[in-house]
Amino acid sequence: RKRRKTSRAAGGRRLAGSIEVRYQPEVGLRTGAILAVEAWPVWQHRRGGCAEMSDVAAQLMPFPGRTIRLVMRRACGDFGRWRSHGAGLDVTLCLTLSRMQLVADGFVSSVAAVVDDLDLDPKSIRLAISEHVMQRDASDVQRTLAALTGIGVHVAIDDYGCGNVALAQLKSSP
């Protein structure tokens, strides 16, 4: 049993050490201005090549909180460095979360700590969840979303219209 725990922990460290964050701009169609950058974690495989995190999510499932904290710290660190050089001052950093990441123990306090440690305006951070996340464990998700908006972070629903979430449910969301 102890050996299995040690093996899982080592696997988590190895995977976390192989995670890179890449960025995709969100561009305003009318102005052509960059409005936001979306952070995309990718896994750099030791045999070469990259895979999107969705492709290795099963391997990271034991570490949802740790993985998103790592990605968030790296993305926010990059974002802070860009801003310190005068780039992206009017841009928002967006990260997409899974349900497991969103409800991981200590997630909200981790977000608050990263934003505080890196001296970022929480309003410059947007955390996105898919519509499907709203449907499962709705009360846990609602509590977490309320706590995130309470620290000033923006929350967005990604892929709205792909599921069965009613507008009334969205209206009651933070």
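This text follows the structure it describes.
Notes on the structure in this doc start here.

Cut-off values and rules
Residues numbered from 1 in each chain as written. Predicted model: local features only at pLDDT ≥ 70, side-chain atom pairs only at ≥ 80, totals over all residues. Heavy atoms only, no water. Helix = DSSP H or I, 4+ residues; strand = E, 2+ residues; numbered from the N terminus. Buried < 20%, exposed > 50% of the residue type's maximum accessible area, 1.4 Å probe, protein only. Contact = heavy atoms within 4.5 Å. Areas by Shrake-Rupley, 256 points an atom, 1.4 Å probe, with all protein chains shown as cover. 1 Å grid on protein atoms, 1.4 Å probe; cavity = no way out; pocket = protein on both sides within 12 Å on 5 of 7 lines; lining within 4 Å. Points joined across faces, edges and corners; volume = space filled by probe spheres on them. Nonpolar A, V, L, I, M, F, W, Y, C, P; charged D, E, K, R; others polar. Expected span 1.5 Å × (residues − 1). Arc of directions from axis to C-beta. Phe/Tyr/Trp six-rings, centres within 6.5 Å; stacked < 30°, edge-to-face > 60°. Salt bridge = Lys/Arg side-chain N within 4 Å of Asp/Glu carboxyl O.

So, the overall build of the chain
Argument step 1. Scanning the chain for helices and strands turns up 8 helices and 6 strands.
Argument step 2. Helices and strands in the chain line up, N terminus first, as α-β-β-β-α-α-β-α-α-β-α-α-β-α.
Argument step 3. Per-residue burial over the chain gives 35% buried out of 174 residues.
Argument step 4. The long-range fraction of contacts in the chain, counting pairs at least 24 apart against all pairs at least 6 apart in sequence, stands at 68%.
Argument step 5. When the accessible surface of the chain is split by element, carbon and sulfur atoms take 52% of a total near 10300 Å².

Focus on empty space enclosed by the protein
Argument step 1. Following the criterion strictly, the structure yields 1 cavity of 30 Å³ or more and no others.
Argument step 2. Of the voids in this model, the largest cavity is the one considered here, and its volume is about 30 Å³.
Argument step 3. Around the largest cavity, the lining residues are Ile68, Arg69, Met72, Phe107, Ser110, Val111 and Val114.
Argument step 4. At the level of secondary structure, the elements contributing two or more residues to the lining of the largest cavity comprise α3 (64–84) and α5 (107–117).
Argument step 5. Per element, the largest residue contribution to the lining of the largest cavity is 4 residues, and it comes from α5.
Argument step 6. Residue classes in the lining of the largest cavity are distributed as 5 nonpolar, 1 polar and 1 charged.

Thoughts on helix α7 (residues 138–150)
Argument step 1. The end-to-end C-alpha distance of α7 is 18 Å, a good match for the 18 Å that 13 residues give at a rise of 1.5 Å each.
Argument step 2. Residues of α7 that are buried: Val141, Gln142, Thr144, Leu145 and Leu148. The arc that holds the buried residues of α7, viewed along the axis, is 165 degrees, so those residues lie on one side. Opposite its buried face, α7 presents the exposed residues Arg143 and Gly150, each directed more than 90 degrees away.
Argument step 3. Of the residues trailing α7, Gly152 is marked for its positive phi of about 100 degrees.

Concerning the packing of aromatic side chains
Argument step 1. Across all of its chains, the model carries 2 aromatic pairs by this definition.
Argument step 2. The interplanar angle of 75 degrees and the centroid separation of 4.8 Å between the aromatic rings of Tyr23 and Trp82 together place this pair among those described as edge-to-face. Linking Tyr23 in strand β1 (residues 19–27) with Trp82 in helix α3, this pair joins segments that are 59 residues apart in sequence.
Argument step 3. Look at Trp82 and you get partly exposed, because its relative accessible area is 30%.
Argument step 4. Consider the rings of Phe79 and Trp82, whose centres lie 6.4 Å apart with planes at 80 degrees: the pair is edge-to-face. Of this pair, Phe79 and Trp82 both sit in helix α3, 3 residues apart, which is roughly one turn of that helix.
Argument step 5. Through a chain of ring-to-ring contacts, three or more aromatic side chains come together here, namely Tyr23, Phe79 and Trp82.

Some details on unusual backbone geometry
Argument step 1. Here Asp119, not a glycine, exhibits a phi torsion of approximately 55 degrees, which is positive.
Argument step 2. With respect to the helices and strands, the residue Asp119 is situated in the loop between α5 and β5 (125–130).

A word on the pattern of salt bridges
Argument step 1. Considering all chains together, one arrives at 5 salt bridges under this definition.
Argument step 2. A salt bridge links Glu20 to Arg22, with the shortest nitrogen-to-oxygen separation between them at 3.2 Å.
Argument step 3. Owing to a relative accessible area of 31%, Glu20 belongs among the partly exposed residues under this scheme.
Argument step 4. Between Arg126 and Glu26 there is a salt bridge, with its nearest N and O atoms 2.8 Å apart. In this pair, Arg126 sits in strand β5 while Glu26 sits in strand β1, placing the two residues 100 residues apart along the sequence.

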